[in-house]
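What follows is each chain in one-letter form.
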Amino acid sequence: VSLRVEPTDSTDSWIVSGRGELHLSILIETMRREGYELQVSKPEVIMKEMDGVLHEPFERVVIDTPEEYTGQVLESLGKRYGEMLDMINNGNGQVRLIFLVPSRGLIGYNTELLTITKGYGIYNHSFEKYLPKLSGNVGGRKRGVLVSMETGKATTYGIMQVEDRGTIFVVPGTDVYAGMIVGEHNRENDITVNICRTKHQTNVRSATKDQTAVIKKPRIFSLEEALQYIDDDEYVELTPVSIRMRKKILDKSMREKAAKKQTK
């Protein structure tokens, strides 16, 4: 019900339209469990042209949050072009915030809200109406990613060398390939890293030196979180055994050439 599949110019790709990321992720997860392998690009909202003007969907968002996080929630939705319609404080420590937000700005917001409110925020949204499309980028990821430059197995030593650059998404022993996203960068730009690097052997030995190597806990994505996380130039790659994120263009030099063309 309400799922639409349209063919494209390519014989092996389709445009699938549904009701939000959850609806699409149920279809994708079902296919994955049936043995299909596929790649999914970033979800997009469905625009409509009315009287020659392009319109985009807006949603009514209701958030219940502890009082101390109200300012951060207001700031985060303000960046996503949200308009506050009402604010209700019953004096019991909880605040209800009601917003009108473009649907584009809500892609990936659930994870951000849980981070801001330490998991205490309750978030509901429903379609309200179509309004003229806002100019500029609404929502989207603010940080870059760490992209693997080598094909091989991730090593503890390789991960330790790059974990101060950001958050790692893979565990030691994971098979990675050039162009695969292996972490989130602390800054806005993407960088390529080598997490397959092995430690060179020396004649120096210590009974405790190698046992003290401790890495931070990696961030593991569910299917829905991965769909919300990726950017326009990335895919979520799905197989029956794994969920991975990758750049559309795997080769580093080709990615840089494509980025230069876009900026011209």
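Our subject is the structure listed above.
Residues numbered from 1 in each chain as written. Predicted model: local features only at pLDDT ≥ 70, side-chain atom pairs only at ≥ 80, totals over all residues. Heavy atoms only, no water.

J.: Any chance you could explain the layout of surface pockets here in plain terms?
T.: One water molecule sets the probe size; rolling that probe over the atoms shows where empty space is left. By volume, the largest pocket amounts to about 1,800 Å³. As for the largest pocket, its lining consists of 50 residues, of which Val16, Ser17, Gly18, Leu24 and Glu44 are closest to the centre. With seven residues, helix 1 (residues 20-33) is the single largest residue contributor to the lining of the largest pocket. Considering only residue class, the lining of the largest pocket consists of 25 nonpolar, 14 polar and 11 charged. Approximately 1,200 Å³ is the volume attributed to the second largest pocket. Around the second largest pocket, the lining is made up of 34 residues, and of these Lys42, Asp231, Asp232, Asp233 and Gln262 lie nearest the centre. Breaking the lining of the second largest pocket down by element, the ones donating at least two residues are strand 14 (191-193) and helix 7 (252-263). (1 Å grid on protein atoms, 1.4 Å probe; cavity = no way out; pocket = protein on both sides within 12 Å on 5 of 7 lines; lining within 4 Å. Points joined across faces, edges and corners; volume = space filled by probe spheres on them. Helix = DSSP H or I, 4+ residues; strand = E, 2+ residues; numbered from the N terminus. Nonpolar A, V, L, I, M, F, W, Y, C, P; charged D, E, K, R; others polar.)

J.: I'm lost on the sheet that holds strand 16 (residues 243-247) in this one. Help?
T.: Strand pairing in a sheet is mediated by backbone hydrogen bonds. Such pairs are either parallel or antiparallel. Read across the open sheet, the three strands follow the order 3-15-16; overall the sheet is antiparallel. Each edge of the open sheet is held by one strand with a lone partner, namely strand 3 (38-41) and strand 16. Looking at each pair of strands side by side, their axes are set apart by 30° on average, direction ignored. Bridge count for strand 15 (residues 234-238) against strand 16 is five bridges, and the pairing is antiparallel. Each bridged residue has a counterpart across the sheet, and for Glu234 the counterpart in strand 16 is Lys247. Along the sheet, helix 1 contacts strand 3, strand 15 and strand 16; its crossing angle with strand 3, the most-contacted strand, is approximately 165°. (Pairing = 2+ DSSP bridges. Axes fitted to C-alpha atoms, helices over the stretch in contact; angles between N-to-C directions. Contact = heavy atoms within 4.5 Å.)

J.: Is there a simple way to think about the environment of Gly140 in this case?
T.: Secondary-structure assignment places Gly140 in the loop between strand 8 (122-132) and strand 9 (145-148). Sequence separation between Gly140 and Gln228 is 88 residues; the distance between their C-alpha atoms is 8.8 Å. Setting aside anything within four residues of it in sequence, one finds Gly140 in contact with Lys42 and Arg80.

J.: Would you explain the sheet that holds strand 11 (residues 166-168) in this entry?
T.: Judged by pairing direction, the sheet is mixed, and its four strands sit side by side in the order 11-13-9-14 without closing on themselves. Strands at the two margins of the open sheet, each flanked by one partner only, are strand 11 and strand 14. Across the sheet, the mean angle from the axis of one strand to that of its neighbour is 35°, orientation sign disregarded. Inspection of the sheet shows strand 11 paired to strand 13 (residues 181-185) by three bridges, in the antiparallel sense. Within the sheet, the bridge partner assigned to Ile168 lies in strand 13 and is Gly183.

J.: I'm lost on the pattern of salt bridges in this one. Help?
T.: Per the counting criterion, the structure on display carries 14 salt bridges. The shortest N-O distance in the salt bridge between Arg96 and Asp64 comes to 2.9 Å. Separated by 32 residues along the polypeptide, Arg96 in strand 7 (residues 94-102) and Asp64 in strand 5 (residues 53-66) bring together distant segments of the chain. The class for Asp64 is buried, based on a relative accessible area of 15%. The partner of Lys79 in a salt bridge is Glu75, with the nearest N and O atoms 3.7 Å apart. On the criterion of helical spacing, the pair formed by Lys79 and Glu75 is a turn pair, its members being four residues apart in helix 2 (residues 70-79). (Salt bridge = Lys/Arg side-chain N within 4 Å of Asp/Glu carboxyl O. Buried < 20%, exposed > 50% of the residue type's maximum accessible area, 1.4 Å probe, protein only.)

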